[in-house]
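As a plain string of letters, each chain reads:
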Amino acid sequence: MKTTMSHSPLDIQPEVAQALASHAPVVALESTIISHGMPYPQNVQTALRVEAEVRAHGAIPATIAVLNGRLKAGLSAAEIETLGQAGPRVTKASRRDLPILLANGGTGATTVAGTMVIAALAGIRVFATGGIGGVHRGAAATMDISADLPELAHTPVAVVCAGAKSILDLALTLEYLETHGVPVLGYRTDAFPAFLTRDSGLPVDTRCETPEQVAAILRARWALGHGGVVVANPTPEAWAMARAVVDAATEEALAAVKAQGVTGKAVTPFLLAWLNQSTGGDSLAANIALVLNNAALAAQVAVALTRVA
Ligand code: PSU
Ligand code: MN
């Protein structure tokens, strides 16, 4: 039987391709946060504001997704609108979902793991998101560990985030990252942030005061080999929530996951939606503020990376 070499499944938006070719700063952005992480229309508004924030800090944004069986680095506003309107009807695409979407011509919104895969293929080294997935509470029994963590172990992309939500077991999440050699940097903090709150009570590996210090560690990481880095950037003070409020909502949300038998990739979107509802929109407002904050820092880090060390 005659076989042909398949051509690349990756489409890089012309503006992004041009930036990469000229070694100009580019920041990758994920799309699960659009379709599964926030309600419409705030999801679309936020995604467009995040892109503008990246530009305002001197870098080119590349929102990443899978559309009709093609890996996309850089989306149009119309494509972002489509993903936002479709919401959870589009596949939540982590690494294991990518080959299925490619072969079947499917459409998916990429998680941190899925976005890292495509960013690395495109040659993008810096990525901004809200929070990373992690080791779930009770993982010793459920084995529910986000594919974001092994992706951070292997794929050379820096992920700027506000830490991870306290719906997870953050101590075990940091243990996993340590075991797999992933540096966790605190941006102007000594504490690993817990997304809606600024301090999980757990330490980061080192504190950085400037984007240049972050960029120096990224260069050193990649001089030693492959793999990701977590750049943990606490939610701005004005938007951070009280620990007691978040803890109470989290306990309720975890109880609902159990009672309703939610499992697999549905767990994280279910917990996020529950928190948004039970905090009367406060967590959504914080979520939007922290993503914008991460986009600004990621752009500054991408700019610093393009400077000669
Ligand atoms: N945490 C958030 N908001 C999010 C996510 C996580 O606070 O939107 C999304 C990200 O796309 C992340 C994914 O990569 O959930 C993790 O899902 P899972 O736990 O199924 O790997
Ligand atoms: Mn999971």
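In case you missed it, the structure is sitting above this.
Read on for a plain summary of the structure. (Residues numbered from 1 in each chain as written. Chains lettered and ligands numbered in written order. Predicted model: local features only at pLDDT ≥ 70, side-chain atom pairs only at ≥ 80, totals over all residues. Heavy atoms only, no water.)

Considerations on the overall build of the protein
The line we're drawing: Secondary structure counts use DSSP, requiring at least four H or I residues in a row for a helix and at least two E residues in a row for a strand, with both numbered from the N terminus. It is over C-alpha atoms that the radius of gyration is taken, and the globule rule equals 2.2 Å times the number of residues to the power 0.38. Burial classes follow relative accessibility: with a 1.4 Å probe on protein chains only, a residue under 20% of its type's maximum area counts as buried, one over 50% as exposed, and anything between as partly exposed. Residue contacts are defined here by distance: any two heavy atoms, one from each residue, within 4.5 Å place the two residues in contact. For the area figures, the Shrake-Rupley method with a 1.4 Å probe applies, and any residue is considered shielded solely by the protein chains shown.
A tally of helices and strands in the protein yields 13 helices and 11 strands. Its C-alpha radius of gyration of 18 Å places the protein within 12% of the 19 Å reference for a compact globule of 309 residues. Across the 309 residues in the protein, those meeting the buried criterion constitute 55%. Counted over contacts in the protein with a minimum sequence separation of 6, partners at least 24 positions apart contribute 75%. With the model as given, the accessible surface of the protein reaches about 13300 Å², and the carbon-plus-sulfur share is 57%.

Re the pattern of salt bridges
So the rule is basically this: Any carboxyl oxygen of Asp or Glu within 4 Å of a side-chain nitrogen of Lys or Arg constitutes a salt bridge here.
By the definition in use, this model includes 11 salt bridges. With a shortest N-O distance of 2.8 Å, arginine 55 and glutamate 15 are connected by a salt bridge. Here the residue arginine 55 occupies a position in helix α3 (residues 42-56), and glutamate 15 occupies one in helix α1 (residues 14-21), the gap between them amounting to 40 residues. The salt bridge partner of glutamate 212 is arginine 307, with a shortest N-O separation of 3.1 Å. Taken as a pair, glutamate 212 in helix α10 (residues 211-223) and arginine 307 in the segment after α13 (282-306) lie far apart in primary sequence, 95 residues in all. Members of the salt-bridge network, linked through shared partners, are Asp11, Arg70 and Lys72.

Examining the site of ligand 1
Definition in use: Nearness is defined per residue: one heavy atom within 4 Å of the molecule or strand is enough. The definition of a polar contact used here is a pair of N or O atoms within 3.5 Å, where within protein one atom must be able to donate a hydrogen and the other to accept one, and adjacent residues in sequence count solely through side-chain atom pairs. In this classification, the charged set is Asp, Glu, Lys and Arg, the nonpolar set is Ala, Val, Leu, Ile, Met, Phe, Trp, Tyr, Cys and Pro, and all remaining amino acids, among them Gly, are polar.
The immediate surroundings of ligand 1 are formed by 15 residues, with Glu30, Lys92, Ser146, Asp148 and Thr268 found nearest. Between an oxygen atom of ligand 1 and a side-chain N or O atom of lysine 165, the distance comes to 2.8 Å. Out of a free accessible area of 470 Å², ligand 1 has 93% covered by protein chains. Top contributing element to the shell around ligand 1 by residue count: helix α2 (residues 32-37), with three residues. Class assignment for the residues of the shell around ligand 1 results in four nonpolar, seven polar and four charged.

What to know about unusual backbone geometry
In this structure, the amide linkage connecting tyrosine 40 to the following residue, proline 41, adopts the cis form with an omega of 5 degrees. With respect to the helices, strands and loops of the structure, proline 41 is situated in the loop between α2 and α3. At histidine 23, a position not held by glycine, the phi torsion is positive, near 60 degrees. Looking at where histidine 23 falls in the secondary structure, it is placed in the loop between α1 and β2 (26-29).

Some points on the environment of isoleucine 217
Along the chain, the position of isoleucine 217 falls in helix α10. Judged by its relative accessible area of 27%, isoleucine 217 is partly exposed. Sequence separation between isoleucine 217 and glycine 130 is 87 residues, and the spatial gap between their C-alpha atoms is 21 Å. When near neighbours in sequence (up to four residues on either side) are disregarded, isoleucine 217 contacts Leu185, Thr206 and Cys208.

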